[in-house]
Amino acid sequence: QVQLVESGGGLVQAGGSLRLSCAASGRTFSSYAMGWFRQAPGKEREFVAAISWSGGSTNYKDSVKGRFTISRDNAKNTVYLQMNSLKREDTAVYYCAAGPSTAAYRYAYGYWGQGTQVTVSS
């Protein structure tokens with residue numbers, strides 16, 4: 001069992017940066033791949049990025065490549081999403097999730113946080 005709590009969201013101007021954190025409880029955190037998803041109003045929840053249990057493999061949505069970086073610290077049971085050069089279309093609720101692989105679809109992940117709002121203004 002893994003419980004996930006996101007933090008770090010907020011309001012930022014276009015071109016700015018934010019770093020999201022996801023703190024996990026449970027001793028099995030390091031055995032899970034971790035993903036970030038986002039959901040904008042009226043849209044489906046979509047994949048953003050994922051990282052393998054060791055941190056050695058990552059996967060990104062094409063539109064965030066070069067701008068977002070996912071990382072993890074297994075000693076702190078935390079996964080991060082560094083978001084740079086933010087755009088208005090990045091506005092969404094961001095969720096972290098835990099699962100067995102770095103798959104890019106939501107049904108691969110069995111554990112989810114409550115989400116944190118990211119709003120990018122022009």
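For the structure itself, consult the block above.
Counting from 1, residues in each chain are numbered in the order their sequence is written. In keeping with the model being predicted, local features are shown solely for residues with a pLDDT of at least 70 and side-chain atom pairs are shown and tallied solely at 80 or more, while totals for entire chains, interfaces and linings include all residues. Water and hydrogen atoms play no part in the side-chain values, which are based on all heavy atoms of the structure.

**Comments concerning the state of the cysteines**
What makes a disulfide is a covalent bond joining the sulfur atoms belonging to two cysteines.
Then comes step 1: Cysteine sulfur pairs qualify as disulfides if the two atoms are within 2.5 Å. Using the criterion set out here, one finds one disulfide in the structure.
Then comes step 2: The partner cysteine of cysteine 22 in its disulfide is cysteine 96, sulfur to sulfur 1.9 Å. Because the torsion about its S-S bond is 45 degrees, the bridge between cysteine 22 and cysteine 96 counts as right-handed. Of this pair, cysteine 22 sits in strand E3 (residues 18-25) while cysteine 96 sits in strand E9 (residues 92-99), and the two are 74 residues apart along the sequence. Under the DSSP-based scheme used, a helix requires at least four consecutive residues in state H or I and a strand at least two consecutive residues in state E, with every element numbered from the N terminus.

**Brief notes about the packing of aromatic side chains**
Then comes step 1: Only centres within 6.5 Å qualify two rings of Phe, Tyr or Trp (six-membered ring in Trp) as a pair; their planes then separate them into stacked at under 30 degrees, edge-to-face at over 60, and tilted for everything else. Scanning all chains against the criterion turns up five aromatic pairs.
Then comes step 2: For the ring pair tyrosine 32 and tyrosine 111, a centre distance of 5.7 Å and an interplane angle of 85 degrees mean the geometry is edge-to-face. Of this pair, tyrosine 32 sits in the loop between E3 and strand E4 (33-39) while tyrosine 111 sits in strand E10 (residues 111-112), placing them 79 residues apart in sequence.
Then comes step 3: Owing to a relative accessible area of 23%, tyrosine 111 belongs among the partly exposed residues under this scheme. When accessible area is computed with a 1.4 Å probe and restricted to protein chains, residues below 20% of their type maximum are described as buried, those above 50% as exposed, and intermediate ones as partly exposed.

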